[in-house]
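What the coordinates show
Chain by chain, the residues:
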Amino acid sequence: MLIFESVFLKAETCIASAADPIILPPNVAYDEADYEVELAVVIGRECKNVLVSEASNYILGYSVANDVTARKHQDQTSQWSYAKGMVCFAKLLQIRLAS
């Protein structure tokens, strides 16, 4: 039996320093924002249809991410991009370069 993990993307507009405050947009109330730690894989160059055996060649590095989500908006659709992709909703620590 195959098990597929949830995969989502964060637009570059939602990336912010972990040291910066989280600023909620007007359509997200304080109690609607949730956060969790994630491993961020930073892709370093353009790629498409990459073989699994070649995937590591495209990784620039890794970071710890504070993944902020507007849960009210996430529950309204099957796509998570809007609820997770708001400005400042991806707080990153320093990127550790892949070797």
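As shown above, the structure is provided for reference.
Owing to the predicted nature of the structure, the values given are computational and were not obtained by experimental measurement.

With that out of the way, let us pick up the side chain of Asp67. Of note, Asp67 is situated in strand β3 (residues 59-70). Among the polar contacts listed, one links the side chain of Asp67 to the side chain of Lys10, at a separation of 2.8 Å. A polar atom in the side chain of Asp67 sits 2.6 Å from the side chain of Lys84.

In this section: the nonpolar core. Counting seven residues, the largest nonpolar core is built from Cys14, Val28, Val68, Ala70, Met86, Phe89 and Ala90. Ignoring any residue separated from it by four or fewer positions in sequence, one finds Cys14 in contact with Lys84, Gly85, Met86, Val87, Cys88, Phe89 and Ala90.

Regular strands place their side chains on alternate faces of the sheet. Here strand β2 (residues 33-43) runs beside β3; their pairing, made up of 11 bridges, is antiparallel. Note that in β3 the partner of Leu39 across the bridge is Val64. Looking at chain direction, β3 and strand β5 (residues 96-97) are connected through two bridges and run antiparallel. Paired with Tyr62 across the strands is Arg96, a residue of β5.

About the criteria used
Residues numbered from 1 in each chain as written. Predicted model: local features only at pLDDT ≥ 70, side-chain atom pairs only at ≥ 80, totals over all residues. Heavy atoms only, no water. Helix = DSSP H or I, 4+ residues; strand = E, 2+ residues; numbered from the N terminus. Polar contact = N/O pair within 3.5 Å; in protein donor to acceptor, adjacent residues only side chain to side chain. Core = buried A, V, L, I, M, F, W, Y, C linked by side-chain atoms within 4.5 Å. Buried < 20%, exposed > 50% of the residue type's maximum accessible area, 1.4 Å probe, protein only. Contact = heavy atoms within 4.5 Å. Pairing = 2+ DSSP bridges.

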